[in-house]
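What the coordinates show
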Amino acid sequence: MAQFDTPDQLSLPNLEEDVLDWWQDHNIFERSIEERDGQPTYTFYEGPPTANGKPGIHHVLARAIKDLFCRYKTMQGYQVARKAGWDTHGLPVEIEVEEELELESRAQVEDFGIEKYNDACRESVLEYKDLWDTLTQRMGYWVDLDDPYVTFETDYIESVWWLLKQIEEEDLLYKGHKIQWYSPGSHTVLSSHEVSLGYEETQDPSVYIRFPVAGEANTYFLAWTTTPWTLISNTALAVGPDLTYVKIHHEDPHRGPETLILAEELLDDVVDEEYAVEETFEGSELIGAEYEPLYDYFTDRAEPGEDAWYVLGADIVSTDEGTGVVHMAPAFGEEDYAVGQERDLPLFNPIDKDGEFTDEASLVAGTWFKDADKIITDDLKERGRLYKHETYLHNYPHDWRKGTPLMSYPVESWFVETTKLKDRMVELNDTINWQPEAIGEGRFGEWLENNVDWALSRRRYWGTPLPVWESDKEGSDHYEVVGSVDELREKAGDQLPDDDEEIDLHRPFVDELTWEGPDGGTMRRVPDLIDVWFDSGAMPYAQWHYPFENKDAFEANFPANFIAEGVDQTRGWFYSLHAIATVVFDEVAYENVVVNGLVLDEDGNKMSKSKGNTVEPFQVIDDYGADVARWFMMSNAPPWESIRFSERGLRDLRRTFFGTLENVYRFFATYANIDGFRFQNDRMPVEERPELDRWIISRLHTTTQAVEAALEDYDPTTAARAVEDFVEELSNWHLRRSRSRFWASKKSEQNGPAGQGGTVAAAQKEAAYQTTYECLEATAKLMSPIAPFFGEWLYRTLSEVTAGEADSVHLAAFPEAKEDERDEALERRMGLARSIASTTLSLRNQAEINVRQPLPRLLVVTGTGVPEAEVEQVKDVILDEVNVKAIEYVEHSSEVVSRSAKPDFSRLGPRLGDLVKDVNQTVRQLDDETIDAYVETGELTLTVDGETVELGPDDLIIQSEGIEGWLVEQEGEVTVALDTDITPELRAEGLAREGVKRIQDLRKEANFEVTDRIVVAYDGSSQMADALAAHADWIRNETLALELQPSDEPTGEAVETFEVGDERLAIGVRRVEADEAMNA
RNA sequence: GGGGCUGUAGCUCAGGUUGGUUAGAGCGCACGCCUGAUAAGCGUGAGGUCGGUGGUUCAAUUCCACCCAGCCCCA
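Definitions and limits used
- Residues numbered from 1 in each chain as written.
- Chains lettered and ligands numbered in written order.
- Predicted model: local features only at pLDDT ≥ 70, side-chain atom pairs only at ≥ 80, totals over all residues.
- Heavy atoms only, no water.
- Helix = DSSP H or I, 4+ residues; strand = E, 2+ residues; numbered from the N terminus.
- Buried < 20%, exposed > 50% of the residue type's maximum accessible area, 1.4 Å probe, protein only.
- Contact = heavy atoms within 4.5 Å.
- Areas by Shrake-Rupley, 256 points an atom, 1.4 Å probe, with all protein chains shown as cover.
- Lys, Arg positive; Asp, Glu negative; His and termini not counted.
- Charge placed at Lys NZ, Arg CZ, Asp CG, Glu CD.
- Near = heavy atom within 4 Å.
- Polar contact = N/O pair within 3.5 Å; in protein donor to acceptor, adjacent residues only side chain to side chain.
- Axes fitted to C-alpha atoms, helices over the stretch in contact; angles between N-to-C directions.
- Parallel < 35°, antiparallel > 145°, perpendicular 65-115°, else oblique.
- Nonpolar A, V, L, I, M, F, W, Y, C, P; charged D, E, K, R; others polar.
- Pairing = 2+ DSSP bridges.
- Salt bridge = Lys/Arg side-chain N within 4 Å of Asp/Glu carboxyl O.
- Patch = residues over 30% accessible without salt bridge, like charges linked within 9 Å, V, L, I, M, F, W, Y side chains within 5 Å.
- Phe/Tyr/Trp six-rings, centres within 6.5 Å; stacked < 30°, edge-to-face > 60°.
- Lys NZ or Arg CZ within 6 Å of the ring centre and 35° of its normal.
- Core = buried A, V, L, I, M, F, W, Y, C linked by side-chain atoms within 4.5 Å.

**A look at the overall build of chain A**
Scanning chain A for helices and strands turns up 37 helices and 38 strands. Taken over the C-alpha atoms alone, chain A extends approximately 125 × 95 × 50 Å along its principal axes. The buried share among the 1080 residues of chain A stands at 57%. Here the analysis covers contacts within chain A between residues at least 6 apart in sequence; of these, 77% occur between residues at least 24 apart. Accessible area of chain A: about 47,000 Å², with a carbon and sulfur share of 43%. Across chain A, the mean location of the 98 positive side-chain charges is 6 Å away from that of the 219 negative side-chain charges.

**A short note on the protein's contact with RNA strand B**
As a matter of local geometry, RNA strand B sits amid 51 residues, with Asn-636, Asn-732, Phe-905, Gln-1000 and Glu-1038 nearest to it. For RNA strand B, the backbone makes up 60% of the atoms found within 4 Å of the protein, where backbone means sugar plus phosphate. One of the backbone N or O atoms of Thr-1039 is found 3.3 Å from a base oxygen in RNA strand B. If you list the elements that add at least two residues to the surface near RNA strand B, you get helix H14 (437-449), helix H22 (647-675), helix H24 (716-743), helix H28 (824-847), helix H31 (905-912), helix H32 (916-924), helix H34 (984-1005) and helix H36 (1032-1039). Tallying contributions element by element places H22 first for the surface near RNA strand B, with eight residues.

**Some remarks on helix H7 (residues 129-138)**
Within the span of H7, buried status applies to Trp-132, Asp-133, Leu-135, Thr-136 and Arg-138. One or two residues past the end of H7 sits Gly-140, with phi positive at roughly 80°.

**Side note on the packing of H31 against H32**
Here H31 crosses H32 at 135°, and the two axes come no closer than 9 Å. Our classification of the angle between H31 and H32 gives oblique. On H32, the residues touching Phe-905, Leu-908, Gly-909 and Leu-912 of H31 are Val-916, Val-919, Asn-920 and Arg-924. Here the residues of the contact of H31 with H32 sort into five nonpolar, two polar and one charged.

**Some details on the pairing of strand S7 (residues 236-239)**
Of the two faces of S7, both are covered, the one formed by Ala-236 and Ala-238 as well as the one formed by Leu-237 and Val-239. Sheet topology note: the S7/strand S12 (residues 325-328) ladder contains four bridges and is antiparallel. What sits directly across from Leu-237, in S12, is His-327.

**Here's the deal with the packing of helix H1 (residues 12-26) against helix H20 (residues 617-624)**
Axis separation between H1 and H20 bottoms out at 6 Å; the angle between their running directions is 100°. With respect to their mutual orientation, H1 and H20 come out roughly perpendicular. Contact residues: Leu-12, Pro-13 and Glu-16 in H1; Ile-621, Asp-622, Asp-623 and Tyr-624 in H20. In the contact of H1 with H20, the residues fall into four nonpolar, no polar and three charged.

**Observations concerning the pattern of salt bridges**
If you walk through the whole model with that rule in mind, you get 69 salt bridges. A salt bridge links Lys-165 to Glu-487; its shortest N-O distance comes to 2.8 Å. Of this pair, Lys-165 sits in helix H8 (residues 154-169) while Glu-487 sits in helix H15 (residues 485-492); the two residues are 322 residues apart in sequence, bridging distant segments of the chain. Here Lys-165 falls in the buried class, since its relative accessible area comes to 17%.

**Things to note about unusual backbone geometry**
The omega torsion across Arg-507 and Pro-508 is 0°, close enough to zero to call that bond cis. Here Pro-508 is to be found in the loop between H15 and strand S20 (515-516). Backbone geometry places Leu-1040, a non-glycine residue, at a positive phi of 55°. If you trace the backbone, Leu-1040 turns up in the loop between H36 and strand S36 (1041-1046). Judged by relative accessible area, which is 15%, Leu-1040 ranks as buried.

**So, a negative patch on the surface**
A surface patch of like charges, here negative, comprises Glu-153, Asp-155, Asp-494, Asp-498, Asp-499, Glu-501, Glu-502 and Glu-549. Its location among the elements puts Asp-499 in the loop between H15 and S20. With a relative accessible area of 35%, Asp-499 lands in the partly exposed category.

**Thoughts on the environment of Lys-353**
The topology assignment puts Lys-353 in the loop between helix H11 (334-343) and helix H12 (372-382). Separated by 366 residues in sequence, Lys-353 and Ala-719 have C-alpha atoms that sit 58 Å apart. With sequence-adjacent residues up to four places away left out, Lys-353 is seen in contact with Tyr-182, Pro-184 and His-187.

**Side note on the sheet that holds strand S27 (residues 855-862)**
Across the sheet, which stays open at both edges, the four strands sit in the order S28-S27-S34-S33 with mixed pairing between neighbours. Two strands bound the open sheet, and with one partner strand each, they are strand S28 (884-891) and strand S33 (967-971). Pairwise comparison of adjacent strand axes, ignoring direction, gives a mean angle of 25° for this sheet. When S27 meets strand S34 (residues 974-979), the two strands line up antiparallel, connected through five bridges. Among the inter-strand pairings, Leu-858 is bridged to a residue of S34, identified as Leu-978. The strands touched by helix H30 (residues 875-882) are S27 and S28; relative to S28, the strand with the most contacts, the crossing angle is about 125°.

**With respect to the sheet that holds strand S4 (residues 188-189)**
On the basis of which strands lie adjacent, the open sheet formed by four strands has the order S4-S3-S14-S16 and antiparallel pairing. Lying at the two open borders of the sheet, with one neighbouring strand each, are S4 and strand S16 (454-455). Strand direction decides the pairing type here: strand S3 (residues 173-183) and strand S14 (residues 407-416), joined by 10 bridges, are antiparallel. Bridge pairing in S14 places Lys-178 opposite Val-411.

**Let's talk about the packing of aromatic side chains**
Counted according to the given criterion, the structure contains 65 aromatic pairs. Centre to centre, the rings of Phe-4 and Phe-668 are 5.2 Å apart; their planes meet at 70°, and the pair counts as edge-to-face. Placement of Phe-4 in the segment before H1 and of Phe-668 in helix H22 is noted, with a sequence separation of 664 residues between them. By relative accessible area, which is 2% here, Phe-4 ends up buried. What links up through ring pairs into an aromatic cluster is the set Phe-4, Phe-667, Phe-668, Tyr-671, Phe-677, Phe-679, Phe-742, Tyr-769 and Tyr-773. Over the aromatic face of Phe-789 sits the side chain of Arg-138, whose NZ or CZ is 5.8 Å from the ring centroid. A cation over an aromatic ring shows up here: Lys-370 above the ring of Tyr-396, its NZ or CZ 5.8 Å from the ring centre.

**Some points on the nonpolar core**
Judged by nonpolar contacts, the single largest core of 129 residues is most densely connected at Phe-4, Trp-631 and Phe-658. Sort the elements by how many residues they give to this core and H22 lands first, with 12 residues. Apart from residues no more than four positions distant in its own chain, Trp-631 is found in contact with Asn-636, Leu-653, Phe-657, Phe-658, Ala-720, Val-723, Glu-724, Met-783, Ile-786 and Ala-787. Grouped together as the second largest cluster of nonpolar side chains are 67 residues, Ile-261, Val-271, Tyr-310 and Leu-312 included.

**Section: the environment of Asn-451**
Note that Asn-451 resides in the loop between H14 and S16. Its relative accessible area of 10% is what places Asn-451 among the buried residues. The spacing of Asn-451 and Asp-423 is 28 residues in sequence and 9.7 Å in space, taken between C-alpha atoms. For Asn-451, the contacting residues outside a window of four places in its chain are Thr-418, Thr-419, Lys-422, Met-425 and Tyr-575. At 3.4 Å, the side chain of Asn-451 and the backbone nitrogen of Thr-419 are in polar contact.

Dropping the structure here:
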């Protein structure tokens, strides 16, 4: 006969390995997709990782989220295809390769050869692919690793090119300038990532400069800057149109009287001497004013006062620091450049690629730009233009390799004009369900609101080449965007290999393709690569090689129902997916997105290799199992908050949740095997089952409903916690309270009812098995999206014996919350029962009477929250739990109940105002009689502070506190009193229970099987002996004893003499062989 | 420097949208109970100026302002 497996303490890592093998052998993952053919699809997009680094524990977090929703939706009947992907381009790859090859500059890379360099990148990028695949499989992340999309493959690049072509056709692709951080030290533009590596605290000059107002003698605009080297290129001054400015007269210690113009608010910060305000006006009045250029190097290029060297109004001007008059050099600052573009200011750039001034600026010609600070400052001082010179400590970016300062510099770049579609992107974003909501509205929403055009160009080597060819004809601005390999073939003809398979769309091959332009020039590719984020944002289309292939697959899987990545992707993947989908398809790319936070170490610090506090994912899985890690990361805190990863947390979880569930199963299996339960009978109607069973079934459906609601809301934490609570209730209340039903032996069933915990009817027992089985099976399903291994093990271990519905839990249907098996009133009153029981146990504790000693009765104070009728229905459970014979009730308003009163502040506060404090004082001191009267009439008149206060019904809250002459305990609304009067009969019963406990101890000591029959001999002091004799039948039944005989000298396989209080008891137990038992 | 998130018991977290005078849970700890789940189970207890300061209010952990700390993103 099939038996439930009863393993020793489970090793979860081993169990998981077994499950993995079984999945593999039976193609469960494949089947979970194939068997859903024809069902509605649920689309998930895998954000591609870069496999040139090792996976960390945070990847387990992200992947646990992805996996769980895919598994959940599969169980709901959807078909969920999951294509893996690899992000293979970009700077991290190049940096790694440069380190390996010891290349330090662009020049060195180019000398080395782009082709060889890119070959090295191509190899490096999948260096750890196997490690990633291993982790993916071992942690139970189901994704199709055999057919991933790879961003460097020709098909993928072709789809990306197609997208760019669409953008061009919508007239949204253009060439412009982007201010980028340029490192003159290494002659290269740095990416934002590299820039952020190089911020250093730097001491820079802080200078205040006089700009002479044209046509007004001895009058100056006072401007401030921390980069004097940019003053050569000064093009304009900016003021805040709404700010208040003043014209002051003062006496300069060195130069004598003069007039200065600056923002009023900053006056006292800037001007140290005494001054007199001559005029006050708004910034807008200054707009258009002309001033004399500081240097005349560029005066031949622009007309002062018209093209340049005038005052303009700009919102960027603030009064946080400086003077409220901002020196503008559009060549050297992002904000300056933006304003310059708007106003059509000229660009004065006298610095060459090496960071040195050109001959254009004779004063500093040949000088390194930073070294020019001092020369220029000295020059201006000499010429009387320097008002004040201080130093300023701030963060300034440096070249992360060389340590030399960066300068921001306008670089030619190709853009997607996303600003044109900003409103549409915002609108579409509003339809996306963000978890947590705050990121969609906040970080992402604001980012969209402040959208700037997407600068695609990257001056790098390893990436998708920008498919733009420009005519090299002087003065021509003709360009062509190539949107497919065919188109390229059409244009470049036989420069391409005949075989499509041999085409590589990377540099340097594409750089060599040229053709004749319509204007007679030669079409040459621009040297740029595109931003790698465009690569990954193109995956909904490029993973299918859309539109060249797989149109159906694409259409069935766009947009995604669900994606999940880390919060760092806000401006990365989340944006690139959204922008491309909006621009090209006027759609969202994803409907639901779960954002996960960081994984911090135990102390809340960021994990980093240098700190040595990283957690090795394989180690965690080997030690605790993937399920424990997954469950921990889902249940401990919402995954979008930073999670503290602690081994202790894992250990606790293994012991509490998984350990408890394991124990419930083992208990169930032990007795089910003894009784041969295999769920062969029909399912018992729930309404025919005992109260306790109906309760846990109701809790199961409530839990199922809660789990489903939480998962539908993409909130795995609430779901996990609901399952945890259910398992706690299943174990610590349902199963514990059901134990007697399980161990009632078959034989004794025929003996009819005996004492407490004795025999029960067969139907009751069947109900216990069915109920526990159903709960375990449902738990296996409910937990399996998060803990796929344990869920599978539990499900299969159960269903192997009972021939369950599906081969695997992951092929089964997610449980359904059955409304008709829920009973809220029952759940409420069982809560009441637990509360009364725990309060009573607390009383026993105080009275120092152990639970084995039966007590005559307990008294429950009834009231609104504690209705007698409800308690009465759960009376048996309570009495059995606390070992008390009877329950009685006393009305909350009864005279024997003493009470206290407190004001209902929410009612009285608004009415009485300040007086409420004094009323509180008075009310809390009211005696029982006054409270009784109030309870009776609902009225009370107080005199407080000389004022008369009338109180009506509900103005006071009355609480029961005690019952005269009883031991009383209170817990919330529940008040319980315990009668501790032990009659001789109760005493005898208590002793009999003591006897049973000792016999059971001996059974155990002697290693008898749970089902073994025994013979007991005993010798006890008089009261003890009388008690055992009086309860002999019951004792025999409880201990499976065929005989229970007094003996002067008890013998057997286990013999011991016990002291029980004042009593003495010697016992011997002997096992009865099976045939002997049959005859008995 | 700008923006954001977080701050509640030793630890991990609820709660707080609607302010109400006794702020909860689990783990850990201590004590006890139970003993046919036993390297399990149950109960009780200790433990908190709800990050700080100020404001609004009869009343603030909750609302407002400022500050501090940790982290993230951006510059």
